[in-house]
Amino acid sequence: HEVKFGYSWRRTTVESSSQLPGNDIVTYWNGYPNMIAGVASPWALAARARYQSLWAGDTISLDRLTLNAGIRFDWQSDSTLPVSEPAVAGFEQWLPAITSTAIPNAVKWNSASPRVAVTYALNQAHTTLVRASYSLFASQLGNGTSNQISPVQYRYIAFSATDLNGDGIAQPNEINYNDVLYWTGFNINDPSQLTTINQINNPSVPKTHEIVVGMDHELMPNFGLSANFTWRRMVDY
């Protein structure tokens, strides 16, 4: 017997932000001099993931037969952290300053992954080996996945505009604030509302089943041939 076991713990944090330069307005021509003025708020993301793993396995060596069996347990979680976004000057009615609270363990993945393999020598000299194995691999939870249900989402709103000074760029005085074309990331009837319609209920852990069969043959000392066939199936997305 050759018994191996182990435990790992890891914590990772990601903080990301983006902001348009200038006055936060992006101009699109819409049959010039008609324009679309898109306004995006500074965007922020903060998330923290924790990963724990526990595994154990045994390699059993017999005369011509070698058996290997093990199992791995994974506990993964991703949490949102508090973030703040400032208001967009001149557009506070739609894009005010907001601050979100943390959502601990917003996404949780728990999984068990068994592994088993067998190798057999066809002759006493062990010059020809056949082998087969089965493994289950659990995917890693991405740090930042919890942002799907963060109360702070990417906020954007677009207005119609008309170019009055001929510079091809939508200026604040050229925007028709009564003609909102579209918006995303916030409740236009309550822009300060810190809720989201997105939900994460009981997500499954994406997994990969893998089967490998193969053969090794030693033609002469220090020279051999090997052939393997691998089959994989990915499930539970």
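Now for a description of the structure that goes with this document. (Residues numbered from 1 in each chain as written. Predicted model: local features only at pLDDT ≥ 70, side-chain atom pairs only at ≥ 80, totals over all residues. Heavy atoms only, no water.)

## A word on unusual backbone geometry
What you tend to see is this: most non-glycine residues have negative phi, and most peptide bonds are trans.
No. 1: Of the consecutive residues Tyr32 and Pro33, the connecting peptide bond is found in the cis state with omega at 15 degrees.
No. 2: Within the element layout of this structure, Pro33 appears in the loop between β2 (25-29) and β3 (34-40).
No. 3: At Asn105, a residue that is not glycine, the phi angle is positive and equals roughly 50 degrees.
No. 4: With respect to the secondary-structure elements, Asn105 resides in strand β8 (residues 103-121). (Helix = DSSP H or I, 4+ residues; strand = E, 2+ residues; numbered from the N terminus.)

## Description of the sheet that holds β3
No. 1: Strand order in the open sheet made by the four strands is β2-β3-β10-β11, with antiparallel pairing throughout. Only two strands of the sheet have a single partner each, and these edge strands are β2 and β11 (175-184). In this sheet, neighbouring strand axes are inclined to one another by 30 degrees on average, regardless of whether the strands run parallel or antiparallel.
No. 2: Direction of pairing for β3 relative to strand β10 (residues 156-162): antiparallel, over a ladder of seven bridges. Residue pairing across strands places Met35 opposite Ala161, the latter belonging to β10. (Pairing = 2+ DSSP bridges. Axes fitted to C-alpha atoms, helices over the stretch in contact; angles between N-to-C directions.)

## Re the sheet that holds strand β1 (residues 2-18)
No. 1: Reading across from one edge, β1-β4-β5-β8-β9-β12-β13 is the order of the seven strands in this open sheet, with antiparallel pairing throughout. Two strands lie at the open edges of the sheet, namely β1 and β13 (223-235), each paired on one side alone. Each strand of the sheet is rotated relative to its neighbour by a mean of 10 degrees, with strand direction disregarded.
No. 2: Across 15 bridges, the pairing between strand β4 (residues 43-61) and strand β5 (residues 65-80) is antiparallel. Each residue of the ladder has a partner; that of Gln52, found in β5, is Trp75.

## Quick look at the pairing of β3
No. 1: Most of β3 is tucked away: six of the seven residues are buried.
No. 2: Of the strand pairs in this sheet, β2 and β3 are connected by five bridges, and their pairing is antiparallel. Bridge pairing links Thr27 to Ala37 in β3. (Buried < 20%, exposed > 50% of the residue type's maximum accessible area, 1.4 Å probe, protein only.)

## A closer look at the packing of aromatic side chains
The way to describe two aromatic rings as a pair is by their centre distance and the angle between their planes.
No. 1: With the rule as written, the count across this model stands at ten aromatic pairs.
No. 2: Where Phe73 meets Trp75, the ring centres are 6.2 Å apart and the plane angle is 20 degrees; that geometry is what we call stacked.
No. 3: On the basis of relative accessible area, Phe73 is assigned to the partly exposed category, the value being 32%.
No. 4: On the accessibility criterion, Trp75 (35% relative accessible area) is partly exposed. (Phe/Tyr/Trp six-rings, centres within 6.5 Å; stacked < 30°, edge-to-face > 60°.)

## What about the nonpolar core?
No. 1: Ranked by size, the top nonpolar core spans 14 residues in total, and within it Val39 and Phe91 carry the most contacts.
No. 2: If you list the elements that add at least two residues to this core, you get β3 and β10.
No. 3: Every residue in contact with Val39, bar those within four places of it in the chain, is listed here: Asp24, Ile25, Val88, Phe91, Leu95, Arg155, Tyr156, Ile157 and Phe159.
No. 4: In terms of nonpolar packing, the next biggest core, distinct from the first, is built from eight residues, Ala49, Ala106, Val107 and Val205 among them. (Core = buried A, V, L, I, M, F, W, Y, C linked by side-chain atoms within 4.5 Å. Contact = heavy atoms within 4.5 Å.)

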